[in-house]
Each structure stands twice: as C-alpha cells, then as structure tokens.
Amino acid sequence: MRTISQFLLLLLLILLSCQSSQTAEPEPIQYSVPAEVELYVKSFREEAGKRNNPVSTANLIITFGTVLKEDICGECLLENGKTPRIVLNSDSFCWQKANKEEREGLVFHELGHCLLKRIHRTSKFTMGAYESLMNPDNVGVYAPCHYPIGGEECDKRSRRDYYIDELFAPATPTPAWAK
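Residues numbered from 1 in each chain as written. Predicted model: local features only at pLDDT ≥ 70, side-chain atom pairs only at ≥ 80, totals over all residues. Heavy atoms only, no water.

Visitor: How would you sum up the overall build of the chain? Please name residues and give values.
Guide: A count of helical and extended segments in the chain gives five helices and four strands. Each helix (α) and strand (β) of the chain, taken in turn from the N terminus, gives the series α-β-α-β-β-β-α-α-α. For the chain, the residues scored as buried account for 39% of the 179 residues in total. Of the roughly 11300 Å² of accessible surface on the chain, 56% is carried by carbon and sulfur atoms. (Helix = DSSP H or I, 4+ residues; strand = E, 2+ residues; numbered from the N terminus. Buried < 20%, exposed > 50% of the residue type's maximum accessible area, 1.4 Å probe, protein only. Areas by Shrake-Rupley, 256 points an atom, 1.4 Å probe, with all protein chains shown as cover.)

Below is the structure:
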C-alpha cells in the first residue's frame, strides 16, 4: 500500500513539473474611449451605481471600426488577461443616424457583454417587445422611432428604466407596459 502511495505521489510531482511555468502576463490597465462615447460610459457607471451595482470601467478600450461579423453594430472582444475591447460600427445606420437612446442602448448592450458578462437574451413579452436590452436584434428598445408610421407605439423612452434595471438585474419583474 505504501508503494502505491509513493508511486502516486511521484506521478503527481512529475505531472506538476511538466506544466509550463510560463503564464501569460495580464495586460496593464488601459482606458481609451472616444469622446463621443465617453458620456455613455459615464452614464453606464452612474446607472450601475444607482442600482447598487458599481462597475469599474477603468480597464476598457472602445474604438470605431469594422466589426468581425456582418450586420451588427457593435462587438465585445474578451480574451483572458487582456483589456476588454468594444468595436462600434460607425456607419450611418449604426452610429451616425442613430438617436441618443439608440447610441446609449448600443454602448450599454456591449458594456453588458464586456463588463457584466451578459449573453444575448432572445425572449419577448407577449405583446412582442424584447424582455432585455441584451437581445441580439434591437438596441433601440427604449428609443423613439425615426418615422412614426402605422399604429405601433412609437415613443418608447418611458421604457428606459425597466431595460436598465434588467441589464443590471436580469430577474427584474415584468413592467406594467408589457402586460
């Protein structure tokens, strides 16, 4: 019995000594955010604080550029030990013609991925609206519409508090407007 224990101990020591002693050094803390996006990052921190969920944005890089996937307006790039990076598509549809609520929704959505580790949520309320800002299709869930045509409720700004609450607390109850 003693020989088996000694053998297992020796085997364990050999296995541990074979592991690479080189571990990747984490990147230093970096912060780089375009001025026109900074107000949304600041708002994100403030909204987190109001909900007793302080979030640090000290280690964050946001750039305008081309996202890796087609037909999306933003992308969170997370790699172990590296600074979270968000790429925002600056084309006319995604940023240039977007209103402030749509821009905020886009930045908050990507910060939700990068800083809150939220994934997409595709569920909808029975009346058809997405249950979360973390949906993969529409960051304008609390924005006014661009072209008020048809009978659909156009100005959704009153829904903002619910969507921000849900962003920081996914178990937020269904709001009255969705019942």
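There is more to say after this.
Visitor: Pulling in residues and values, what's your account of the side chain of Thr-57?
Guide: Mapping Thr-57 onto the fold places it in the loop between helix 2 (35-50) and strand 2 (60-65). A polar contact of 2.7 Å, which involves the side chain of Thr-57, links it to the side chain of Arg-45. Filtering out sequence-adjacent residues up to four positions away, Thr-57 remains in contact with Tyr-31, Val-41, Arg-45 and Leu-115. (Polar contact = N/O pair within 3.5 Å; in protein donor to acceptor, adjacent residues only side chain to side chain. Contact = heavy atoms within 4.5 Å.)

Visitor: Please give an account of the packing of helix 4 (residues 100-114) against helix 5 (residues 160-168) that cites residues and values.
Guide: Remark: helix 4 packs on helix 5, axes separated minimally by 11 Å, with the N-to-C direction vectors making an angle of 15°. The pairing of helix 4 with helix 5 is recorded here as roughly parallel in orientation. The two elements helix 4 and helix 5 meet at a crossing, and its hand is left-handed. Judged by residue contacts, Glu-104, Phe-108 and Gly-112 of helix 4 engage Arg-160, Ile-164 and Leu-167 from helix 5. Split into classes, the residues belonging to the contact of helix 4 with helix 5 amount to three nonpolar, one polar and two charged. (Axes fitted to C-alpha atoms, helices over the stretch in contact; angles between N-to-C directions. Parallel < 35°, antiparallel > 145°, perpendicular 65-115°, else oblique. Left-handed = near helix turned anticlockwise from the far one by under 90°. Nonpolar A, V, L, I, M, F, W, Y, C, P; charged D, E, K, R; others polar.)

Visitor: So what's going on with the environment of Glu-101? Which residues, and what values?
Guide: Along the chain, Glu-101 falls in helix 4. For the pair formed by Glu-101 and Tyr-142, sequence separation is 41 residues and the distance between their alpha carbons is 6.8 Å.

Visitor: Explain unusual backbone geometry residue by residue, including any values.
Guide: At Asn-52, a residue that is not glycine, the phi angle is positive and equals roughly 50°. With respect to the helices, strands and loops of the structure, Asn-52 is situated in the loop between helix 2 and strand 2. Of the residues examined, Asn-52 reaches a relative accessible area of 72% and is grouped as exposed. You will see that Lys-117, though not glycine, has its phi angle at about 60°, which is positive. Structurally, the position occupied by Lys-117 is in the loop between helix 4 and helix 5.

Visitor: Can you explain helix 4? Please cite residues and give values.
Guide: Helix length check: helix 4, at 15 residues, gives a terminal C-alpha distance of 21 Å against a target of 21 Å (1.5 Å per residue), a fit within 8%. Among the 15 residues of helix 4, 14 are classified as buried, and the element is accordingly described as predominantly covered. Taking the backbone nitrogen of Glu-101 as reference, a side-chain oxygen 3.1 Å away marks Asn-99 as the first, capping residue of helix 4. (Expected span 1.5 Å × (residues − 1).)

What is shown is where atoms sit, not what they do.
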